[in-house]
Amino acid sequence: MKAFEFASPVTLDQALAELPNDVAKRDSVKLFAGGQDLLTEMKEHLVEPTKLVNLKRVPGLDRIELAPDGTLVIGCLATLGALAEHAETKNFFTCVAEAARSVGSAQIRSQGTVGGNLNQRPRCWYYRNEHAPCLKKGGTECFAYSGLNKYNAILGGGPSYIVHPSDLATALVALDAQVTLRSAKGERTMALEKFYSLPSEGDVTRETVLEPAEILTHVRVPAKSGWQSTYLKFKERGSYDFALAAVAVAVKSDGAPRTIRDARLVLGGVAPKPWNVPKAAAALVGVALGSAEGAASSKRAGELAVVGAEPLAHNAYKVPLVQGLIVKAIEALAAR
Ligand SMILES: Cc1cc2nc3c(=O)[nH]c(=O)nc-3n(C[C@H](O)[C@H](O)[C@H](O)COP(=O)(O)OP(=O)(O)OC[C@H]3O[C@@H](n4cnc5c(N)ncnc54)[C@H](O)[C@@H]3O)c2cc1C
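Now for a quick tour of the structure. (Residues numbered from 1 in each chain as written. Predicted model: local features only at pLDDT ≥ 70, side-chain atom pairs only at ≥ 80, totals over all residues. Heavy atoms only, no water.)

## Remarks on the packing of helix H5 (residues 94–102) against helix H10 (residues 167–174)
Phase 1: H10 packs onto H5 with a crossing angle of 175 degrees between their chain directions and a minimal axis gap of 8 Å. One way to sum up the angle between H5 and H10 is to call them roughly antiparallel. On the side of H5, the interface is formed by Cys95, Val96, Ala99, Ala100 and Ser102, while H10 contributes Asp167, Leu168, Ala171 and Leu172.
Phase 2: A class-by-class count of the residues in the contact of H5 with H10 yields seven nonpolar, one polar and one charged. (Axes fitted to C-alpha atoms, helices over the stretch in contact; angles between N-to-C directions. Helix = DSSP H or I, 4+ residues; strand = E, 2+ residues; numbered from the N terminus. Parallel < 35°, antiparallel > 145°, perpendicular 65-115°, else oblique. Contact = heavy atoms within 4.5 Å. Nonpolar A, V, L, I, M, F, W, Y, C, P; charged D, E, K, R; others polar.)

## Points about the packing of helix H13 (residues 292–305) against helix H14 (residues 318–334)
Phase 1: One can describe the packing of H13 onto H14 by two numbers: an axis separation of 8 Å at closest approach and a directional angle of 145 degrees. Crossing handedness for the pair H13 and H14: right-handed. Here H13 contributes Ser298, Lys299, Ala301, Gly302, Glu303 and Ala305 to the contact with H14, which in turn contributes Gln323, Ile326, Val327 and Ile330.
Phase 2: Classifying every residue of the contact of H13 with H14 by side-chain character gives five nonpolar, three polar and two charged. (Left-handed = near helix turned anticlockwise from the far one by under 90°.)

## Focus on the packing of aromatic side chains
Phase 1: Scanning the model with the defined rule gives five aromatic pairs in all.
Phase 2: Ring geometry for Phe6 against Phe32: centres 5.4 Å apart, planes inclined by 80 degrees, an arrangement best described as edge-to-face. Remark: Phe32 occurs in strand E2 (residues 29–32) and Phe6 occurs in strand E1 (residues 5–7); sequence separation between them is 26 residues.
Phase 3: On the basis of relative accessible area, Phe6 is assigned to the partly exposed category, the value being 44%.
Phase 4: Among the residues examined, Phe32 registers a relative accessible area of 10% and is labelled buried.
Phase 5: Seen in terms of ring centroids, Trp125 and Tyr151 are 5.4 Å apart; in terms of plane orientation they differ by 85 degrees. Their pairing is edge-to-face. (Phe/Tyr/Trp six-rings, centres within 6.5 Å; stacked < 30°, edge-to-face > 60°. Buried < 20%, exposed > 50% of the residue type's maximum accessible area, 1.4 Å probe, protein only.)

## Points about the side chain of Asn54
Phase 1: With respect to the helices and strands, the residue Asn54 is situated in strand E3 (residues 51–54).
Phase 2: At 3.0 Å, the side chain of Asn54 forms a polar contact with the side chain of Ser8.
Phase 3: Setting aside chain neighbours within four positions, we find Asn54 in contact with Phe6, Ala7, Ser8, Pro9 and Phe32. (Polar contact = N/O pair within 3.5 Å; in protein donor to acceptor, adjacent residues only side chain to side chain.)

## Section: the sheet that holds strand E11 (residues 259–268)
Phase 1: One open sheet holds the four strands; their spatial order is E9-E10-E11-E12, and the pairing between them is antiparallel. In this open sheet, the two edge strands, each paired with only one partner strand, are strand E9 (227–234) and strand E12 (275–276).
Phase 2: One ladder, built from two bridges, connects E11 with E12; its direction is antiparallel. Residue Val266 lies in a different strand from E12, and its bridge partner there is Asn276. (Pairing = 2+ DSSP bridges.)

## Concerning the site of the ligand
Phase 1: Neighbouring residues of the ligand: 33 residues in total, closest Leu31, Gly35, Gln36, Thr113 and Asp167.
Phase 2: Residue Leu216 places a main-chain N or O atom 2.9 Å away from a nitrogen atom belonging to the ligand.
Phase 3: Measuring from an oxygen atom of the ligand, one finds a backbone N or O atom of Asp241 at 3.0 Å.
Phase 4: Look at the ligand: alone it shows 960 Å² of surface, and the protein chains cover 93% of it.
Phase 5: Sorting the residues of the shell around the ligand by element identifies E2, helix H2 (36–43), helix H7 (114–118) and strand E8 (215–221) as the ones contributing at least two each. (Near = heavy atom within 4 Å. Areas by Shrake-Rupley, 256 points an atom, 1.4 Å probe, with all protein chains shown as cover.)

## What to know about unusual backbone geometry
Phase 1: Put simply, Gly158 and Pro159 share a cis peptide bond, and its omega is 0 degrees.
Phase 2: Here Pro159 lies in the loop between helix H9 (143–146) and H10.
Phase 3: Across the junction of Ala256 and Pro257, the peptide omega takes the value 0 degrees, indicating a cis bond.
Phase 4: Examined against the element boundaries, Pro257 turns out to sit in the loop between strand E10 (245–254) and E11.
Phase 5: Phi angles above zero are rare outside glycine, and His45 is one such case at about 60 degrees.

## Notes on H14
Phase 1: Counted at 1.5 Å a residue, the expected span for H14 with its 17 residues is 24 Å, and the 24 Å between its end C-alpha atoms agrees.
Phase 2: On its buried face, H14 is in contact with E9, E10, E11 and H13. (Expected span 1.5 Å × (residues − 1).)

## Considering the nonpolar core
Phase 1: Within the largest apolar cluster, 40 residues are counted, with the highest numbers of intra-cluster contacts made by Ile74, Leu118, Leu172, Leu192 and Val219.
Phase 2: No other element matches the six residues that H10 contributes to this core.
Phase 3: Look past the residues within four positions of Leu118 in its chain and what remains in contact with it is His164, Ser166, Leu168, Ala169, Leu172, Leu192, Phe195, Tyr196, Leu216 and Val219.
Phase 4: Core analysis: the second largest hydrophobic core is formed by 30 residues, Ala245, Val249, Leu267 and Ala271 among them. (Core = buried A, V, L, I, M, F, W, Y, C linked by side-chain atoms within 4.5 Å.)

Here is the structure:
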């Protein structure tokens, strides 16, 4: 690892003043939160910043609060462990708490932050290998496309076939979360879904639209009165692992039997960004949870969710896996 300066600002403005405006200097100064992903990347020579800006001494950014209007406001330094155990998150934004709980191990969750999790880099082994000059590192080829692509994208891929690694992002997109991005010039807010970009859109070496001078300070999840949600993740091993595939499902229902009036369905582990499938979600609307008709609509949602899937040589298994997860997730909501 190369030597670097370590700045520890104690206000957000001081932290923002450390960041470069120049895109060419994007990787020379890096924000340091839990450090789990950043330090790994530095040790592997994937990034070699000359300065780290430690966010952890900036007060207040670790709060998780319910605003008076019911919006869940999550500071970027909140740990995944704190979010997983936060009572209101568990009660009213269940899939977010479940996704946070599904990340790594207890140690990883107590160190990893929400901001770091949403901004972590892809886990594709070609990207993570410093000796593989892939597209993500400014090369000319996605080695996964014709190589070992068991863990890569079946949807939205090309020219790079990474999958988005964050469990939390998938659940937050399902609940229409917004992110606040601060720079010395001001603040902008956007849907988390728009924060992420596909490899075919813009700069293939990036996964987000974050500017070099910006910090993601907060995530806001709007109140979801009458909604229930769940996050289901399938891993290759019983111990901690990233998702082979995952689904976040949210439904608004009423009446007896409970009839679905609105739905959101987002896939994880299968695309370079959380993969929102509104047409699949629409197939769930109008049917009673737990009914025979409901079971048929879950299967139909599974079929619609993978429309356009283009599996690579070693990852066609993700198609039935996602379909099965959708059915199981809706069964789980019916049983609550
Ligand atoms: C063994 C292991 C297993 C894991 N398993 C999973 C898993 O199953 N699911 C999952 O979702 N994650 C998983 N992770 C990722 C982990 O949960 C952390 O979220 C992640 O490593 C980064 O969090 P951090 O706070 O350590 O961020 P850091 O490493 O400090 O930062 C990561 C990146 O985000 C940037 N950044 C940090 N904060 C901000 C901010 N506020 N605004 C803008 N940019 C910012 C940094 O500059 C850096 O580029 C795993 C990690 C490890 C090491």
